[in-house]
Structure formats: structure tokens, C-alpha cells
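Commentary on secondary and tertiary structure
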Amino acid sequence: MRAFWVTLVGLVGVAVVSYAAGVEQGEKKANARVFELRTYTAAPGKMAALNARFRDHTCKLFEKHGMTNIGYWNPADPKETDKKLIYIVAFPSQEAADNSWKSFGADPEWKAARAASEKDGKLVEKVERVFLHPTDYSPLK
């Protein structure tokens, strides 16, 4: 009977360790997700055209190239609302982000949409980008 209990305790210990390793590995996979915060400063008078390009083309193309659209905003400050577009996209990993941007930039559909939207001049003066990793307490991972 003692051998039974020793074996049972040993099996439970292995199961707990295996479960914990699986959870930890799952957490690492979840935490490998990377977010990219981008801020575009629009050329003067071009915010409507920039929003239209995102609305009509860019967001769909991001999804096509493995990017997850999280959200898009214009600042609430009236002095900034017609100057900036701020958005967040997510990727499974930094490597996936690099691959997605590369394939997006080479997409003929993107090149055509960009050329058409910029026939009267560039829409964006400045792009700022920051890659973000969620904290362990972040509700969005």
C-alpha cells in the first residue's frame, strides 16, 4: 500500500510540474505578443485624406499582412486633432512584426492606394513608432 501512495504522490508531482511548465510556456507565448504604437503627423490639410486612406485601404491591408488592428485615434485636443493620427497594431512576435511590415510595404495594392492618395502631395510629415510589451498585470496581452 505504501508503494501505491509513493507512486501516486510521484505522479501528482510530475503532473503539477508539467502543468506549471505548460502554463509558463503559454504565458511566454502570450507575452511574446508585441504592440506597436504609431503616431503620424499629417501634412497640413491632409488629415481627412489620411483618415480616408486608413478607412478605405490600410486597415484591411494590415489584416491581410498579419497585423491585428487594435485601435485608431485622433487627439481630443482641438489643436492636435487635425494634425495627428495615433494607432496601435499587434503582432504575435517582433519577428512577425518585421515580416508583416516588409510584406505590407511590398504589396502592390498598398503601393497603388498610397500613390492614389498622394497624387496631390504626401499625407504624412512624420512617423513615430514605439514597440510595446504588455506588463504582467495588463488586461490586454
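That block above? That's the structure.
These notes cover the structure that comes with them. (Residues numbered from 1 in each chain as written. Predicted model: local features only at pLDDT ≥ 70, side-chain atom pairs only at ≥ 80, totals over all residues. Heavy atoms only, no water.)

**Some thoughts on the overall build of the chain**
Short version of the rule: In DSSP terms, a helix is any run of H or I states spanning at least four residues, a strand is any run of E spanning at least two, and both are numbered starting from the N terminus. Think of it in three bands: with a 1.4 Å probe and only protein chains considered, a residue is buried below 20% of the maximum accessible area for its type, exposed above 50%, and partly exposed in between. Should any heavy atoms of two residues lie within 4.5 Å, those residues are counted as being in contact. Each accessible area value is a Shrake-Rupley result obtained with a 1.4 Å probe; residue values ignore everything except the protein chains displayed when judging cover.
On a plain count of helices and strands, the chain comes out with 4 helices and 4 strands. Along the chain, helices (α) and strands (β) appear in the sequence α-β-α-β-β-α-α-β when read from the amino end. With 141 residues in all, the chain has 29% of them scored as buried. In the chain, the proportion of contacts linking residues at least 24 apart, taken out of those at least 6 apart, comes to 74%. With an accessible surface of roughly 9,200 Å², the chain has 61% of that area assigned to carbon and sulfur atoms.

**Focus on the environment of R53**
Just so we agree on the cut-off: Counted as a polar contact is a pair of N or O atoms within 3.5 Å, where, for protein atoms, one must be capable of donating a hydrogen and the other of accepting one, and residues adjacent in sequence contribute only when both atoms are in side chains.
Inspection of the secondary structure assignment puts R53 in helix 2 (residues 47-64). Distance in space between the C-alpha atoms of R53 and R114 is 7.8 Å, their sequence separation being 61 residues. Not counting the four nearest positions on each side in its chain, R53 is found in contact with T58, W110, A113, R114, S117, E118, L123 and V124. Looking at R53, its side chain comes within polar contact range of the side chain of E118, at 3.4 Å.

**Examining the side chain of T39**
Position of T39 relative to the elements: it lies in strand 1 (residues 34-42). With residues near it in sequence (within four places) discarded, T39 still touches K84, L85, I86, K126, V127 and E128.

**As for the sheet that holds strand 2 (residues 68-73)**
Quick reminder of the rule: Two strands form a pair only when DSSP identifies at least two bridges running between them. For helices, the fitted line uses only the C-alpha atoms of the stretch in contact; every axis is such a line through C-alpha atoms, and the angle between N-to-C directions lies from 0 to 180 degrees.
Strand order in the open sheet made by the 4 strands is 2-3-1-4, with antiparallel pairing throughout. Of all the strands in the sheet, the pair left with one neighbour each is strand 2 and strand 4 (124-132). Here the strands of the sheet are splayed against their neighbours by 20° on average, with no regard to which way each runs. Contacting strand 1, strand 2, strand 3 (84-91) and strand 4, helix 2 runs over the sheet at an angle of about 5° to strand 3.

**Structural notes on the nonpolar core**
Put simply, the rule is: For this analysis, a nonpolar core means a set of buried residues of the types Ala, Val, Leu, Ile, Met, Phe, Trp, Tyr and Cys, connected via side-chain atoms within 4.5 Å.
Formed by 20 residues in total, the largest nonpolar core has its most connected members in L50, F54, F62, Y87 and W101. Mapped onto this core, the elements with two or more residues apiece are strand 1, helix 2, strand 3 and helix 3 (94-106). Of the residues forming this core, the biggest block, 6 residues, is contributed by helix 2. Those residues within four positions of L50 in sequence are excluded, and the remaining contacts are Y40, A42, L85, L123 and V124.

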